[in-house]
Amino acid sequence: METLSENACFGGVQGVYSHASTACACDMTFGLFLPAEAQDGPVPVLWYLSGLTCTHENAMVKAGAQCWAAEHGIALVFPDTSPRGDAVADDEAFDLGQGAGFYVNATQAPWAPHFQMYDYITRELSTVIFNNFAIDETRESITGHSMGGHGALTIAMTHPGRFASVSAFSPICHPTKSDWGRKQLSAYLGTDESKWAEYDATLLMQDKGFDGPVLIDMGTTDQFLDLLMPEALAKAMATRRQQAIFRMQPGYDHSYFFVSTFMEDHIAFHAEALYGLNT
C-alpha cells in the first residue's frame, strides 16, 4: 500500500492511499478519514460509496462529511467507483465502464477481468482497511449517493449482521426496471435477468429486508427521479414494514449541495446505530 497524501483534518487525518487490487486486477485508490480517537484505538467506520463518473475524491472534498465524522469519532472510507487504467475496459458513455462500476461482480466480456467491485468493496478493501488502520471491524455502517446509494443498499442487505445501519442519498432504487440499471446489468451480467436481482435494492427489500435502521433522502426536484424510481423502494419498505425513514426533501436536486446539506443527519443516524445510543 502506498500513501499518496495525508492532511490534518478536523483534528484527525484525511489520507489517500493506493494498492494493488487482486479483485480488480489493477491499482486502486481510496480515501480514508481517521478521527483523532483513532490515535488511542480502533474506531467505528462508515463506508461512503460514490455515484456515476465519480472517483474516491468527489465525496471526500464535496460532502462535508469529515466535520461530522470527527464530532462522533467515526472513520470514513471513500472507495473509487470502478477499476481504472489503460488495460481496463471502458465505454464512451459516462454510465458504463470506468467511473460506472455499479458495485457488481461482472461475468461478461470485456468487463469480467476487472469489474469485480462487489468483491472489492466487501472483501478486499475491507481487509486492507482493517489490517492497516485503527478500525473496529465489528462496527461498520454504509451509505452512498446515486449509484453508490444503490451499492450501499444492496451490499447491506446481502450481508446480514455486518452493518449496523444503512443510508442513501438519491439511490438508484430499482435498476432492473430502470434505464439506469438495465443497460449496465445486461452489459456486466448478461441477459439472464434472474442474475440481476441480487443487485436491485427494491427486490432485495421485498425478499430480505435489512436487519437494522434505514435512512433514505431524495430531492423533490432531482432531475433523475424517473430513473431512480424511489416510489418502488418506498412501497417495498412499507410492505415489509422495514424499520426506515424515507424523506422527500422539497426543492433539492441530485447534486452534492443536496448531499452536503443532509450529511450531518446521516452521520448522526449512523453514529446512533454504531454506538447503540445518541452521541
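Look a little higher up for the structure.
How each quantity is defined
Residues numbered from 1 in each chain as written. Predicted model: local features only at pLDDT ≥ 70, side-chain atom pairs only at ≥ 80, totals over all residues. Heavy atoms only, no water. Core = buried A, V, L, I, M, F, W, Y, C linked by side-chain atoms within 4.5 Å. Buried < 20%, exposed > 50% of the residue type's maximum accessible area, 1.4 Å probe, protein only. Helix = DSSP H or I, 4+ residues; strand = E, 2+ residues; numbered from the N terminus. Contact = heavy atoms within 4.5 Å. Arc of directions from axis to C-beta. 1 Å grid on protein atoms, 1.4 Å probe; cavity = no way out; pocket = protein on both sides within 12 Å on 5 of 7 lines; lining within 4 Å. Points joined across faces, edges and corners; volume = space filled by probe spheres on them. Nonpolar A, V, L, I, M, F, W, Y, C, P; charged D, E, K, R; others polar. Pairing = 2+ DSSP bridges. Axes fitted to C-alpha atoms, helices over the stretch in contact; angles between N-to-C directions. Polar contact = N/O pair within 3.5 Å; in protein donor to acceptor, adjacent residues only side chain to side chain. Parallel < 35°, antiparallel > 145°, perpendicular 65-115°, else oblique. Left-handed = near helix turned anticlockwise from the far one by under 90°. Salt bridge = Lys/Arg side-chain N within 4 Å of Asp/Glu carboxyl O.

A. How the structure looks around the nonpolar core. Core analysis: the largest hydrophobic core is formed by 66 residues, its most contacted members being F30, W47, I129, I135, I142, L153 and Y188. A total of 8 residues in this core trace back to one element, the largest contributor, which is helix 3 (residues 117–132). Here L153 is in contact with V166, A168, P171, A201, V214, I216 and L233, once residues within four sequence places are set aside. Core analysis: the next-biggest nonpolar cluster, separate from the first, contains 23 residues, F33, A59, A70 and A271 among them.

B. Representation of helix 8 (residues 230–240). All of the buried residues in helix 8 are P230, A232, L233, A236 and M237. All buried residues of helix 8 fall inside an arc of 165 degrees around its axis, so they share one side. Turned more than 90 degrees away from the buried face of helix 8 sit E231, K235, A238 and T239, all of them exposed. Buried residues along helix 8 sit in contact with helix 4 (147–157), helix 6 (201–207), strand 8 (214–219), helix 7 (225–228) and strand 9 (244–249).

C. Structural context of the side chain of H266. Counting through the fold element by element, H266 comes out in helix 9 (residues 256–275). Once residues within four sequence positions are removed from consideration, H266 is found in contact with T143, S167, A168, F169, L215 and D217.

D. Molecular detail of the layout of surface pockets. Each pocket or cavity is described by its volume, and for the largest pocket that value is around 190 Å³. As for the largest pocket, its lining consists of 13 residues, and the residues nearest its centre are L52, T53, H145, F224 and H254. For the lining of the largest pocket, the residue count by class is 6 nonpolar, 7 polar and no charged.

E. The arrangement of the sheet that holds strand 2 (residues 12–21) in detail. Ordered by their spatial adjacency, 9 strands build an open sheet running 1-2-3-5-4-6-7-8-9, and the pairing between neighbours is mixed. Looking along the sheet, the strands with just one partner apiece sit at the ends: strand 1 (2–9) and strand 9. In this sheet, adjacent strand axes meet at a mean angle of 20 degrees when their direction is disregarded. Looking at chain direction, strand 4 (residues 43–49) and strand 5 (residues 75–79) are connected through 3 bridges and run parallel. Paired with L46 across the bridge in strand 5 is L76.

F. Inspection of the pairing of strand 5 at higher detail. For strand 5, a buried count of 5 out of 5 residues is recorded, marking the element as mostly surrounded by other parts of the structure. When strand 3 (residues 26–34) meets strand 5, the two strands line up antiparallel, connected through 4 bridges. Among the inter-strand pairings, F30 is bridged to a residue of strand 5, identified as P79.

G. Molecular detail of the side chain of T202. Assignment of secondary structure puts T202 in helix 6. Overall, T202 belongs to the buried group, its relative accessible area being 1%. At 2.7 Å, the side chain of T202 forms a polar contact with the backbone oxygen of C173. Non-local contacts of T202, meaning those with residues more than four positions away in its chain, are made with C173, H174, A232, L233 and A236.

H. Broad picture of the packing of helix 2 (residues 65–72) against helix 9. Direction vectors running N to C along helix 2 and helix 9 enclose 30 degrees, while the axes themselves pass 9 Å from each other. With respect to their mutual orientation, helix 2 and helix 9 come out roughly parallel. The two elements helix 2 and helix 9 cross, and the hand of that crossing is right-handed. Across from A65, W68, A69 and H72 in helix 2, the residues of helix 9 making contact are M263, E264, I267, A268, A271 and Y275.

I. Quick peek at the environment of L4. Looking at where L4 falls in the secondary structure, it is placed in strand 1. Judged by relative accessible area, which is 44%, L4 ranks as partly exposed. For the pair L4 and H19, spaced 15 residues apart in the sequence, the C-alpha separation amounts to 10 Å. Setting aside residues up to four positions removed in sequence, L4 forms contacts with V16, Y17, S18 and T29.

J. Region of the structure containing unusual backbone geometry. For the peptide bond that leads from A109 to P110, omega is 0 degrees, which places it in the cis range. Locating P110 in the fold gives a position in the loop between strand 5 and helix 3. Of note, the phi angle at F102 is positive, near 60 degrees, even though the residue is not glycine. When you line up the elements, F102 lands in the loop between strand 5 and helix 3.

K. Spatial organisation of the pattern of salt bridges. By the definition in use, this model includes 8 salt bridges. For the salt bridge of R84 with D80, the shortest nitrogen-to-oxygen distance reads 2.7 Å. A relative accessible area of 27% means that R84 is categorised as partly exposed. Judged by relative accessible area, which is 5%, D80 ranks as buried. Here D119 makes a salt bridge to R123, at a shortest N to O gap of 3.8 Å. A residue pair is termed a helical-turn pair when its members lie 3 or 4 positions apart in one helix, as D119 and R123 do in helix 3 at 4 residues.

By themselves, these are just geometric observations and shouldn't be taken as functional.
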